[in-house]
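# A closer look at the structure
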Amino acid sequence: MRLVIHKTYDEASGWAARYIAGRIAEHKNKLNPFVLGLPTGSSPLGTYRELVKLHQQGQLSFSRVITFNMDEYAGLPEDHPQSYHRFMWDNLFSRVDIKKENVHILNGMAKDPAAECDAYEEAISACGGIDLFLGGAGADGHLAFNEPGSSLRSRTRVKSLTRDTRIVNARFFGGDPEAVPATALTVGVGTVMDAREVLILVSGHNKARALQQAVEGGVNHMCTLSCLQMHRRAIIVCDEDAVDELKVGTVRYFKDIEGL
């Protein structure tokens, strides 16, 4: 695991965007498109802004990129203001040159959610798997909507959301946790771990304990982010606030090997 520590959220977001852009550029001469996994929420917003900026500057094209999003709320139509479909088109897809048919987001209104999840896994496999999965982390260390206690071998499925998650996400629903859907469709921990590379964004003091458990603790289903310890190419990009709970020696070690 790499831990790349930057002073601020903006610096971490810029680094992540440039890293992703570099991976896409390296892939341009291959026969198959680059397959990119993407998250929603506040964590990736800075990275999405930087990706859009790189595209506008002519340094990045999404014309040969296929995307798979991590999750979607159950029961929200695509045009709902808080659906993850809407989030992605507002913050990234409508501002770059990605082809609509190359965008994959779970259907929260599917009549058969289990079948929708199975089809999602099949679609990922049909594309040859995910080259790079970008993600964020919850304050309790959850990855996608894989709440504490989720199997580390889980696949895309319907998942109940904890009260804590609904409280955190209530800020997008007028401050009312009860307005937040109680379930979501989400990729599994195993789905993320199958990606050839995983890049996770962690920022802010409220994520510091989760980061400490993921980096210094053992692999544990109560902190699904800790699964990255088992991935052959995992990177966590964070800001200084997020490392508040790490040992001084741990921080020094990772800064030293990254040359930061």
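Bear in mind that the values here come from a model prediction, so they are computed numbers and not experimental data. Within each chain, residues carry numbers counting from 1 in the order of the written sequence. Given that the model is predicted, a residue must reach a pLDDT of at least 70 before its local features are reported, and side-chain atom pairs must reach 80 or more before they are shown or counted; all residues, however, enter totals for whole chains, interfaces and linings. Note: side-chain values were computed over all heavy atoms of the structure, leaving out hydrogens and water.

### Here's the deal with the pattern of salt bridges
By convention in these notes, a salt bridge is any Lys or Arg side-chain nitrogen within 4 Å of a carboxyl oxygen on Asp or Glu. Applying the stated criterion across every chain, the model contains 11 salt bridges. Among the ionic pairs, R163 bridges to E178, the shortest N-O distance being 2.6 Å. Of the two residues, R163 sits in helix 5 (residues 163-169) while E178 sits in the loop between helix 5 and strand 8 (183-186), which places them 15 residues apart along the sequence. Remark: exposure states derive from per-residue accessible area (1.4 Å probe, protein chains only) relative to the maximum for the residue type, with buried under 20%, exposed over 50%, and partly exposed in between. Among the residues examined, R163 registers a relative accessible area of 45% and is labelled partly exposed. Among the salt bridges present, the one from R233 reaches E197, with a minimum N-O distance of 3.6 Å. Pair noted here: R233 is in the loop between helix 7 (208-216) and strand 10 (234-239) and E197 is in the loop between helix 6 (189-193) and strand 9 (198-202), with a separation of 36 residues, a long-range link. Classification of R233 by relative accessible area gives partly exposed; the value is 41%. Here the salt bridges do not stand alone but share partners, grouping R23, E26, E197 and R233 into one network. Put simply, DSSP marks the helices as runs of H or I at least four residues long and the strands as runs of E at least two long, and each gets a number from the N terminus on.

### Comments concerning the pairing of strand 8
When strand 4 (residues 71-73) meets strand 8, the two strands line up antiparallel, connected through three bridges. Within strand 8, the residue paired with Y73 across the bridge is A184. Only when DSSP finds a minimum of two bridges between them are two strands counted as paired.

### Things to note about helix 2 (residues 45-56)
For an α-helix the count is 3.6 residues per turn, leaving residues at separations of three or four pointing the same way. Helix span is expected to be 1.5 Å times the residue number reduced by one. Helix length check: helix 2, at 12 residues, gives a terminal C-alpha distance of 17 Å against a target of 16 Å (1.5 Å per residue), a fit within 8%. Of the residues making up helix 2, those classed as buried are G46, T47, Y48, L51, V52 and L54. Note on contacts: a residue pair is in contact if any heavy atoms of the two residues lie within 4.5 Å. Residues of helix 2 that are buried in the fold lie against helix 1 (9-26), strand 2 (34-38), helix 3 (84-91), strand 6 (132-136) and strand 9. G58, located one to two residues past helix 2, shows a positive phi value of around 80 degrees.

### Quick notes on helix 4 (residues 113-126)
Along its 14 residues, helix 4 runs 20 Å from first to last C-alpha, staying within 8% of the 20 Å computed at 1.5 Å per residue. Every buried residue of helix 4 is listed here: E116, C117, Y120, E121 and I124. For helix 4, the angular spread of buried residues about the axis comes to 140 degrees, placing them on one side. Relative to its buried face, helix 4 has exposed residues pointing more than 90 degrees away, namely E122, S125 and A126. Considering only its buried residues, helix 4 is in contact with strand 3 (65-69), strand 5 (103-104), strand 7 (157-160), strand 8 and helix 6. Working definition: the arc comes from the directions between the helix axis and the C-beta atoms, pointing outward to the latter.

### Some details on the packing of helix 2 against helix 3
At a minimum axis distance of 10 Å, the contact between helix 2 and helix 3 shows a crossing angle of 40 degrees. If you check the angle between helix 2 and helix 3, you find them oblique. Contacts from L45, Y48 and V52 in helix 2 reach F87, M88 and N91 in helix 3. Gly is put with the polar residues, along with every residue not named as nonpolar or charged; the nonpolar set is Ala, Val, Leu, Ile, Met, Phe, Trp, Tyr, Cys and Pro, and the charged set is Asp, Glu, Lys and Arg. Residue composition of the contact of helix 2 with helix 3, by class: five nonpolar, one polar and no charged. To define axes, lines are fitted to C-alpha atoms, for helices over the stretch in contact only, and angles between the resulting N-to-C directions are given on a 0 to 180 degree scale. When describing relative orientation, an angle under 35 degrees is termed roughly parallel and one over 145 degrees roughly antiparallel, while 65 to 115 degrees is termed roughly perpendicular and anything else oblique.

### Side note on the sheet that holds strand 3
Pairing is parallel in the open sheet, where seven strands are placed in the order 1-10-9-6-2-3-5. Where the open sheet ends on each side, the last strands, each with one partner, are strand 1 (2-6) and strand 5. Here strand 2 runs beside strand 3; their pairing, made up of five bridges, is parallel. Following the sheet pairing, G37 is matched in strand 3 by F68.

### Concerning the sheet that holds strand 4
Taken in spatial order, the three strands of this open sheet run 4-8-7, and their pairing is antiparallel. Each edge of the open sheet is held by one strand with a lone partner, namely strand 4 and strand 7. Sheet twist, expressed as the average angle between the axes of neighbouring strands with direction ignored, equals 30 degrees. Here four bridges tie strand 7 to strand 8, and the two strands are oriented antiparallel to one another. The partner of R157 across the bridge, within strand 8, is T186.

Read these as layout, nothing more, since geometry by itself doesn't imply function.
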